[in-house]
Amino acid sequence: MSNISRRLFLQKATVVAAGSLAVTSPFVIPGTSLGLQGTVAPSERITMGLIGCGSHGLGWNLQLMSRNPVQHVIAVCDVDKNYLENGRRMTDEIYSKRFGDSYKACTPYTDFRDLVNRKDIDAVCIATPDHWHVMMSVFAMRAGKDVICEKPTLTIEEGRLLSDTQKKTQCVFQTASENRSIDNFQYMVNAVRNGHIGELRNIKVLIPMGNTMARGTGTESDEFSIRDVPPELDYDTWLGQAPKVPYIPARVHYNWRWNFDYSGGVLTDWGSHLINIAQWANNTDDTGPVEVQGEGKFPDFKEAWNTPAEFRINYRYANGVTMEVWSEVPGVKFEGTKGWLLMRGWRQAVQASDDKLLNLTFEEGKNLGRPECTVTAASGDGGEHIDFANCVKSRKLCYYTAECGHRNHTVAHIANVSMLMDGAKLQWNPDTEKFVGDHADEANKHFCVSRPQREPWTFANIDSWINVG
């Protein structure tokens with residue numbers, strides 16, 4: 001059944017069951033089962049499966065889903081048994097307090113396919129390493145599940161498949177970036193797109209420096225040397241479509257961000273947040289720049305880390321807007337013909353060339369924000385999950401669609417291509433999503449655009465994983 005038809009069925013069944021119990025049963029129905037005591041009735045809850053129980057999966061996504069009474073996590077999945085046990089324990093602790101004696105323990109899975117194929121799960125939250133994002137999302141949507149997935153994509157080709165799959169299946173998809181629900185970012189975007197700084201001319205995007213060690217000190221040689229695979233980790237499945245290579249601690253949990261086999265470095269990691277805001281303000285959510293040139297500083301220990309930790313990149317858009325991206329601290333600045341707006345630091349106060357730009361109001365119909373999911377930096381309410389839940393119920397597009405996410409990640413991918421091609425100036429056609437002009441042949445064959453997949457983790461096998469019984 002579809003998500004909506006399933007809820008309608010449960011609603012009708014609840015009414016019938018409640019009527020029968022009122023006449024024949026001496027037992028008391030818990031208030032949590034009827035949506036009393038400040039809870040949401042089961043028929044109105046979105047049953048969620050969480051795939052990926054690392055620090056962001058549990059420390060961010062689980063916490064935010066659990067604060068939203070409409071979402072109920074009933075299953076968790078991870079290929080690391082220690083992470084999985086943490087996910088199971090934390091989920092049970094959270095929801096057993098909410099539902100009391102009526103609570104049914106969440107189910108742990110080591111295979112995401114078993115979780116997705118559960119008929120009683122409406123939607124999944126994917127918080128895995130980047131190279132699994134599109135594979136799992138496409139499988140889930142083909143299986144009829146709505147999806148909220150962490151950013152970014154692994155390649156440009158995968159991003160296109162993700163967006164096309166969402167459009168074909170009409171499943172709700174949210175690219176999980178909370179920034180579009182943060183009031184200061186919304187304010188800047190509204191001010192720029194409503195012309196308050198004049199004609200937009202240039203955008204500056206600042207991104208933190210990358211390649212930092214989460215485990216160990218970052219200087220111990222054994223973190224960067226081949227080791228035995230820990231017994232709790234299904235390393236072959238963790239690798240998935242990526243090449244089969246010996247286990248090195250410095251390229252797995254958290255540290256995978258700095259290896260092109262699994263991610264695109266800090267540029268795709270943080271660029272998903274901040275280039276996102278630049279694209280939105282520039283009204284280029286469904287397209288991208290036409291030219292890119294970047295230079296990066298690459299690490300020496302390429303067996304584990306090979307993405308640039310520092311960089312400086314220049315872009316040009318068809319509308320004449322230029323964009324500079326470099327590694328420093330998180331921030332974004334919009335420069336127009338009548339002034340500028342700046343946020344320097346992560347979710348800091350907005351600065352402006354004129355104090356009048358800090359007290360603007362926007363007419364109804366010209367406010368691009370979504371008031372129902374606006375949160376402040378201190379609230380931690382998780383606007384992306386609130387918006388996702390609202391859209392699951394309304395069947396409307398989320399505020400950060402698969403297409404927007406794909407286009408945003410593409411901006412970072414083409415810069416990585418330029419940096420890996422020794423700073424080549426590249427021409428990009430956002431309509432065909434191909435490089436053109438000088439160096440086009442080499443650039444279009446780049447692994448940031450498309451790459452082979454290791455069996456059995458290929459897109460060609462996805463339909464065979466779906467349990468249609």
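*Asks:* Give me the overall build of the protein chain: which residues, what numbers.
*Replies:* The helix and strand tally for the protein chain stands at 13 helices and 15 strands. Burial statistics for the protein chain: of 469 residues in total, 57% are counted as buried. Sequence-distant contacts, at least 24 apart, represent 72% of the contacts inside the protein chain between residues at least 6 apart. For the protein chain, the exposed area adds up to about 19900 Å²; of that, 52% sits on carbon and sulfur atoms.

*Asks:* Got a sec to walk through the pairing of strand β7 (residues 200-208)? Specific residues and values, please.
*Replies:* Counting buried residues in β7 gives 8 out of 9 residues, a clear majority hidden from the surface. In terms of strand pairing, β7 meets strand β10 (residues 322-328) through 7 bridges, oriented parallel. When the sheet's bridge partners are listed, isoleucine 207 is paired in β10 with serine 327.

*Asks:* Give me the confidence of the model for the protein chain: which residues, what numbers.
*Replies:* Detailed reading of predicted coordinates is not advised where the pLDDT is low. Averaged over all residues, the pLDDT of the protein chain is 88; the fraction at 70 or higher stands at 87%. Under a pLDDT of 50 for its full length, residues 1-37 has, in the predicted model, 41 contacts with residues more than four places off or in other chains. Here residues 371-380 scores under 50 on pLDDT; set against residues more than four positions off or in separate chains, the count is 22 contacts.

*Asks:* Which residues make up the sheet that holds strand β8 (residues 291-297), and what values do they have?
*Replies:* Across a sheet, strands are paired by hydrogen bonds formed along the backbone, either parallel or antiparallel in direction. Spatially, the 9 strands line up as an open sheet ordered β13-β12-β11-β7-β10-β9-β8-β14-β15, and their pairing is mixed. Each end of this open sheet is capped by a strand with a single partner; those strands are β13 (351-352) and β15 (434-436). Note: β7 against strand β11 (residues 331-336), 6 bridges, orientation antiparallel. Looking at β11, one finds that asparagine 202 is bridged to glutamate 335.

*Asks:* Before we move on, can you summarise the sheet that holds strand β1 (residues 46-51) with the specific residues and values?
*Replies:* The 6 strands are arranged β3-β2-β1-β4-β5-β6 in an open sheet whose pairing can be described as parallel. In this open sheet, the two strands that pair with only one neighbour each are β3 (107-109) and β6 (173-176). With strand direction ignored, the average angle separating the axes of adjacent strands in the sheet is 25°. In this sheet, strand β5 (residues 146-150) lies alongside strand β4 (residues 123-126) in parallel orientation, the contact comprising 4 bridges. Within the sheet, the bridge partner assigned to cysteine 125 lies in β5 and is isoleucine 148. Contacts from helix α3 (residues 81-99) reach β2 (71-77) and β3 within the one sheet, and its direction differs from that of β2 by about 155°.

*Asks:* Can you tell me about the pattern of salt bridges, naming the residues and giving the values?
*Replies:* As enumerated under the stated definition, the model contains 27 salt bridges in all. The closest approach of N and O atoms between lysine 393 and glutamate 44, which form a salt bridge, is 3.2 Å. Here lysine 393 is found in helix α10 (residues 383-394), whereas its partner glutamate 44 is found in the loop between α1 (3-24) and β1, with 349 residues between them in sequence. Note on lysine 393: relative accessible area 30%, which makes it partly exposed.

*Asks:* Account for the pairing of β11, with residues named and values stated.
*Replies:* Counting buried positions along β11 gives 5 out of 6 residues, so the element sits mostly inside the fold. When β11 meets strand β12 (residues 339-344), the two strands line up antiparallel, connected through 6 bridges. For glycine 336, the partnering residue across the bridge sits in β12 and is glycine 339. Where β11 hands over to β12, the hairpin turn is made up of 2 residues, counted between the paired strands.

*Asks:* Tell me about unusual backbone geometry, residues and numbers included.
*Replies:* Here the residue pair lysine 151 and proline 152 is connected by a cis peptide bond, since its omega of -5° sits within 30 degrees of zero. Cis geometry is adopted by the peptide bond preceding proline 456, which originates at glutamate 455 and carries an omega value of 0°. Of note, proline 456 is situated in the loop between α12 (440-444) and α13 (462-465). At histidine 439, a residue that is not glycine, the phi angle is positive and equals roughly 70°. Residue position: histidine 439 is located in the loop between β15 and α12. Taking the relative accessible area as the measure of exposure, histidine 439 reaches 40% and is therefore partly exposed.

About the thresholds
Residues numbered from 1 in each chain as written. Predicted model: local features only at pLDDT ≥ 70, side-chain atom pairs only at ≥ 80, totals over all residues. Heavy atoms only, no water. Helix = DSSP H or I, 4+ residues; strand = E, 2+ residues; numbered from the N terminus. Buried < 20%, exposed > 50% of the residue type's maximum accessible area, 1.4 Å probe, protein only. Contact = heavy atoms within 4.5 Å. Areas by Shrake-Rupley, 256 points an atom, 1.4 Å probe, with all protein chains shown as cover. Pairing = 2+ DSSP bridges. pLDDT = per-residue confidence, 0-100. Axes fitted to C-alpha atoms, helices over the stretch in contact; angles between N-to-C directions. Salt bridge = Lys/Arg side-chain N within 4 Å of Asp/Glu carboxyl O.

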